[in-house]
Amino acid sequence: MAGDTSEGAGHLLSPTALPRRHQAGLLGLLALAVAPLLVSDIDTLKLTSALFLAVYAMSWDAVSGYTGQISFGHALFFAAGGYTTAILNVHYGVSPVVGIPLGVLVAALAGLAIGVPALRVRGPYLSLITLVAPLIVLQLFVYFSGFTGGEIGLLGVEQFTPDPTANYYIAFGVFLFALAVFLAVTRSDAGSVFTAIREDEDAVVAAGLNPAKFKIFAFVLSAAVGGFAGAVFAHTVAAGALTPSQILALTVSIEVIIAPILGGMGTITGAAVGGLFFWLLRDQLRQMETVIPLLDVAVKQVDLLVFLLITLGFLFFLPEGIVPRLLREARRLGSQPSEATTTDGGRSPLEASLDGFRDQFERLRGGDRK
Amino acid sequence: MSADAVDGETAARTGTGSDGSYGPDDGILVLEDLTKRFGGLTAVDGLSFAVEREEILGFIGPNGAGKSTTFDCVIGTHPPTSGTVWYDGEDGTGVPAYEMVERGMARTFQSFRPLRDRNVVENVKLGLIRNRLFSTAGLRRETYDRAVALCERVGLGDQLEQTPDELPHAGMLRLELGRALATDPGLLLIDEPFAGLSGVEVADVSKLFLTLREEGITLVVVDHNMRGLLELIDRAIVINFGSKIAEGTPAEIRRDPTVQQAYLGGGGT
Amino acid sequence: MVNLVNIAVNWLLLSALYALVAIGFTLIFGVGGVLNLAHGANITIGAYTAYLLTTSLGASVWVGALGALVVPGLFSLALYQGLVSKVEEHPITVMILTLVTALVVEQVFVVGVGTTPRTVSSLLRGSVTIAGTSVRTNRLLVFVLSWVLIGALFAYITRTRQGKAILATSMSEKGAAIVGIDDGRIFTLTWLIAGMLAGIAGLFLASFTSAQPFIGRSPLLLSFSIVVLGGIGSIRGSVIGAYLVGLLDVVTVSMISTRLSGLLPLVVLVVVLIVRPEGLFGRELVE
């Protein structure tokens, strides 16, 4: 929906008048809303985790998919939120009601700490810094494990309630909130500026807009919402123990890159879908009993490897993402005319990001390449 | 407002700042002793001139004369090494480009740079967005309508939904103008608009420029080959090697031996 | 009290290994224009190839060393030809693809061989005495071999036709094309060399630590810091950077805590990128 032209104020009128993709989205939300009533407790727990991943993925998409500043270490923000409230709770007895907002604040500051230097550093170098920052923090965490719980994790974090259904709806609330915030920002004028920054920063300047302001805003917003999710996570899914592997490790940062790319970068909704799909796929593989021929081993024994290979396949063969591809196919089969996630004939957000990244790369290398 | 009618006025101002220096109120845009050095290279060398309100000024010089660099310093892309830029009476030296645009100065790019991920009307809309983080999405309809009006103003009313890839060369120029006009400028710096246009298109675009001037916008048009330009402009500044070598009406410029020698090679337009 | 000779030996030795890894990384970046996040996988493959050849097939250590040179080189080559070259127009896709590939390689070894560290035989046995301290001969040999390789690479780049072509391409692709240098072949060659160097470094490293699936991670991270500090595309920068970063890390580990290994180089990376992105010997950034 990056190229969503004006639909006027009347687009909230009646569900049947909405474009098909909006209808599909509403159905999806409805399904999510009633899910716990239809599935087992274990599956509810799983969906809860999947929802958090979806929120993390949306937060990544909001800055990296939209402004083109590709972050390879978004886990830093989730952990900033989660660990702030967890540490305050465990060591100082601070209630989550206070801890969570503080977590959001710390995460927002982390967003600033990354966003400001990011102005000076472009393209791949920016990504390198974002890759490395959480690794530094993680190592310090392990070093000061007395305080942070190190690799084993911080134990004794207060949980709102052990009830899986209640936890699910808390997560769903966070999901809806994040979805609303990100959709509001990206569909507003700020969103147009974000994508313009990704396309051509000079054009943004020529329009009388300060790109630095918007770039930092994107980072801080993304970090704050991601940190909020991380903070709530600490008091729900973490089930009393917050470990780095859930929220700070490199794998988390990688997951929140792959999920939006799979689902469709630069759309927010694609990130949400990608996050859910990704988590559920991973979970399916963890349980699959099917034996792989020749190797004589069950899928679930090598689930991570299989999952990574599938991801590689997706990245290679379906780079624009699932949601945009589905929309294109639906458009071809159905009758709705201009419903592309990209404006007709225009470039997709992924392409734009990649091209912009490549241009910065070429300039950095000082060469006169391609 | 042809060149001859203001001949008497401009005659007094021919030549480098005859009374010595320029001040902030000498025009909507005033450069005083503007210099820009890149390492050992001096691209702009003590350039001084004033742009009168609501005139159409030609900024002429051969390739490499320093025209684009001057633009860059004026609009704030690069701060000058020394000298002063006044816009609308206020000091604008070294002010960042986006802020100069907010103050009312806009420019078009010689190599058209539209945003390729959106259509014409969305491109123009970008210029209408205010430099604020939070703006109500509900204003979109009004902004959209204003963008459509702007497109019609520059002659793109029939191509609203097209993407820049689908526009012909002249259409891209109009899009550049539309985006610049969206920022509600008082001064428009136009970089080499006539390159690649046919005679008819040049005439059309010139008419558009005259209309804009009638609406109160001052225009500074840069070109290096004067084709079509001399009929359009009221006055011209000619520079070479970063310095002003002549100033005056088109008629005076044509006759000026320094100009002819510098690059016209003895021929006129 | 800390044994200074040991620290010095460690420093000289490890830095040479890191240099081998960093050179490959910086060449790929400088020539191919992409950050190969799977570069660490070459190290892992090198270590395990030697291990498998010597234990499962009973080959001699020198055959193992040859394997550690060749197999990662071929892997690197295949990675470029099969995956990266298709998307090299988009450096970020390359980063993501190579990152996932790196994880795949790790998992292959986790699944195929297991996470238990495996001993890789040293190339030479015994020890010598230096300045009153006993140093394993293997370490000396590795040090000498590393420098021989660095020297050989340097000679190759500056004296042979292909080597000079690599250098030319890293400076200006257009200029190189005008002179008739074939891009594709140069890129392939660069990836091959990088793979070989990192592979043998992997064997060396494993011969005095051990082979485990994640052995490639920390050298890769250190490479980031080394390459950024030394400057992209600069071999000289990689070597000097390796010794600087190596010194920093060895001192940290010996004097403060082993658990802080690798931390300071990462901090250096961030600082250099913000303050002076071209590093010591990198090209001036063209804006």
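Draft legend 1. Main features of the overall build of chain A. Of regular secondary structure, chain A possesses 16 helices and four strands. Sorting the 370 residues of chain A into buried and exposed places 55% on the buried side. Within chain A, residue pairs in contact and separated by at least 24 positions form 76% of the contacts whose partners lie at least 6 positions apart.

Draft legend 2. Here's a closer look at helix α3 (residues 75–92) of chain A. Residues and elements named next belong to chain A. The terminal C-alpha atoms of α3 lie 24 Å apart, and with 18 residues this matches the ideal 26 Å at 1.5 Å per residue to within 8%. The buried fraction of α3 amounts to 15 of the 18 residues, a majority that puts the element mostly inside the structure. Just downstream of α3, G93 is the residue with a positive phi angle, here 65°.

Draft legend 3. A look at the pairing of strand β9 (residues 235–240) of chain B. Residue and element names in this part refer to chain B. By the criterion of burial, β9 is predominantly enclosed, with six of the six residues buried. Pairing analysis gives four bridges linking strand β3 (residues 56–60) to β9, with the strands arranged parallel. Residue pairing for β9: G58 is matched across the bridge by A236. Summarising the sheet, β9 and strand β10 (residues 243–248) pair through five bridges and their orientation is antiparallel. Among the inter-strand pairings, V238 is bridged to a residue of β10, identified as A246. Between β9 and β10, which pair antiparallel in sequence order, lie two residues; one of them, F241, sits at a positive phi of approximately 50°.

Draft legend 4. How the structure looks around the sheet that holds β3(B). Residues and elements named next belong to chain B. As summarised here, the arrangement of the six strands in space is β6-β7-β8-β3-β9-β10, forming an open sheet in which the pairing is mixed. Every other strand in the sheet has two partners, leaving β6 (105–107) and β10 as the edge strands with one partner each. Averaged over all pairs of adjacent strands, the angle between their axes in this sheet comes to 20°, without regard to strand direction. In this sheet, strand β8 (residues 218–223) lies alongside strand β7 (residues 187–191) in parallel orientation, the contact comprising five bridges. Following the sheet pairing, L189 is matched in β8 by V220. Along the sheet, helix α7 (residues 199–214) makes contact with β3, β7 and β8, crossing β8 at roughly 150°.

Draft legend 5. Region of interest: the packing of helix α9 (residues 217–230) of chain C against helix α11 (residues 263–275) of chain C. Residues and elements named next belong to chain C. At a minimum axis distance of 9 Å, the contact between α9 and α11 shows a crossing angle of 35°. α11 is crossed by α9, and the crossing has left-handed handedness. Where α9 abuts α11, its residues L221, L222, F224, S225, V228 and L229 lie against P265, L266, V268, L269, V272 and L273. Considering only residue class, the contact of α9 with α11 consists of 11 nonpolar, one polar and no charged.

Cut-offs and rules
Residues numbered from 1 in each chain as written. Chains lettered and ligands numbered in written order. Predicted model: local features only at pLDDT ≥ 70, side-chain atom pairs only at ≥ 80, totals over all residues. Helix = DSSP H or I, 4+ residues; strand = E, 2+ residues; numbered from the N terminus. Buried ≥ 20, exposed ≤ 12 C-beta atoms within 10 Å, placed from the backbone. Contact = placed C-beta atoms within 7 Å. Expected span 1.5 Å × (residues − 1). Pairing = 2+ DSSP bridges. Axes fitted to C-alpha atoms, helices over the stretch in contact; angles between N-to-C directions. Left-handed = near helix turned anticlockwise from the far one by under 90°. Nonpolar A, V, L, I, M, F, W, Y, C, P; charged D, E, K, R; others polar.

Without other data, these values stay purely geometric and don't point to any function.
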